[in-house]
Amino acid sequence: MQSPMPRVPPQPATARCEIEASLTVEPASVVAGARRRAVRDGDRQIDTAHLLHSLLESDAEARTAVGDGAQVARVLGYLVQRTIGYGLRWQGSVEDSGARRPAQAAAVPGWSPSAGAVMTGALARAQMRGDLRARGIDVLALVVIDPECRAVEVLRRAGIDPVQVGQRIAAASRHASRG
């Protein structure tokens, strides 16, 4: 007998398509991984910790921005503990720090307000750069500027300064635009 698997509520096609059509292959993979993690963890929404976990597993540029191999391993260790203790206090609650989110930001069904703001912000960041599609580093850049989101809490607990991660991303972006 199979136990019922909790499900992330389906997103309306327009919201889901709008976000996912505006991603390169890497962040689209991150979104798919975050969605699987949310379901597996029994969470009703994708949150920023799900996004961070997927980013670190699938995006080399994001791993480099977070730190060396030992630092990334420490963060992943905290994220893996989510279902066995670390993140249990998050279960049944909605991640909504309200920080860094424009007042007019629309809710994205199936996503925490913070994760939805990260994704829409990542798309805006890519457009400011002149790209039509966001990359994984755009997602990470938006994650680390919300001091109250779950992903930043995980980074801090693992001894990673999110401000320094943001500075590394900014420095890499400046270097890339010159080269």
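The model shown is predicted, which means the values in this text are computed figures rather than measured ones.

Right, let's talk about the overall build of the protein for a bit. Broken down by element type, the protein carries nine helices and zero strands. The order of helices and strands in the protein, counted from the N terminus, is α-α-α-α-α-α-α-α-α. The proportion of buried residues among the 179 residues of the protein is 42%. For the protein, the share of sequence-separated contacts (at least 6 apart) that also reach a separation of at least 24 residues comes to 66%.

A few words on the nonpolar core. With 41 residues, the main nonpolar core has Leu51, Leu52, Val66, Val75, Trp111 and Leu140 as its most contacted residues. Every element with two or more residues in this core is listed here: helix 2 (25–41), helix 3 (48–58), helix 4 (60–66), helix 5 (69–80), helix 6 (113–129), helix 7 (136–143), helix 8 (150–157) and helix 9 (162–178).

Moving on: the confidence of the model for the protein. The pLDDT averaged across the protein works out to 79; a share of 71% of its residues lies at or above 70. Least confident of the elements in the protein is helix 1 (residues 13–21), whose mean pLDDT is 57; most confident is helix 4, at 95. Low pLDDT, under 50, characterises residues 1–13; the predicted model gives this stretch 20 contacts beyond four residues in sequence or across chains.

Most of helix 7 is tucked away: eight of the eight residues are buried. Restricting attention to buried positions, one finds in helix 7 the residues Gly136, Ile137, Asp138, Val139, Leu140, Ala141, Leu142 and Val143.

Here the focus is the side chain of Asp59. Residue placement: Asp59 occurs in the loop between helix 3 and helix 4. For the buried Asp59, no salt bridge exists, and the shortest N-O distance to an oppositely charged side chain is 6.6 Å, to Arg63.

On to the environment of Asp43. Inspection of the secondary structure assignment puts Asp43 in the loop between helix 2 and helix 3. When its relative accessible area of 7% is taken as the criterion, Asp43 is described as buried. Note: C-alpha distance between Asp43 and Gly110 (67 residues apart in sequence) is 9.7 Å. Within the structure, Asp43 has its side chain in polar contact with the side chain of His50 (distance 2.9 Å).

The rules behind these values
- Numbering of residues begins from 1 in every chain and follows the order in which that chain's sequence is written.
- Given that the model is predicted, a residue must reach a pLDDT of at least 70 before its local features are reported, and side-chain atom pairs must reach 80 or more before they are shown or counted; all residues, however, enter totals for whole chains, interfaces and linings.
- Side-chain calculation: all heavy atoms of the structure are included, whereas hydrogens and water are not.
- Numbering of helices and strands starts at the N terminus; helices are DSSP runs of H or I of at least 4 residues and strands are runs of E of at least 2.
- Whether a residue is buried, partly exposed or exposed follows from its accessible area with a 1.4 Å probe, protein chains only, as a fraction of its type maximum: under 20%, in between, or over 50%, in that order.
- Here, two residues are considered to be in contact whenever any of their heavy atoms come within 4.5 Å of each other.
- As used here, the term nonpolar core means buried Ala, Val, Leu, Ile, Met, Phe, Trp, Tyr and Cys residues forming a set that is joined through side-chain atoms within 4.5 Å.
- Per-residue confidence from the predictor is given as pLDDT, running between 0 and 100.
- Asp and Glu are treated as the negative residues and Lys and Arg as the positive ones, with His and the ends of the chain left uncounted.
- Definition used for salt bridges: Asp or Glu carboxyl oxygen within 4 Å of a side-chain nitrogen of Lys or Arg.
- Polar contacts, as counted here, are pairs of nitrogen or oxygen atoms within 3.5 Å of one another; within protein the pair requires one atom able to donate a hydrogen and one able to accept it, and residues that are adjacent in sequence qualify only if both atoms are side-chain atoms.

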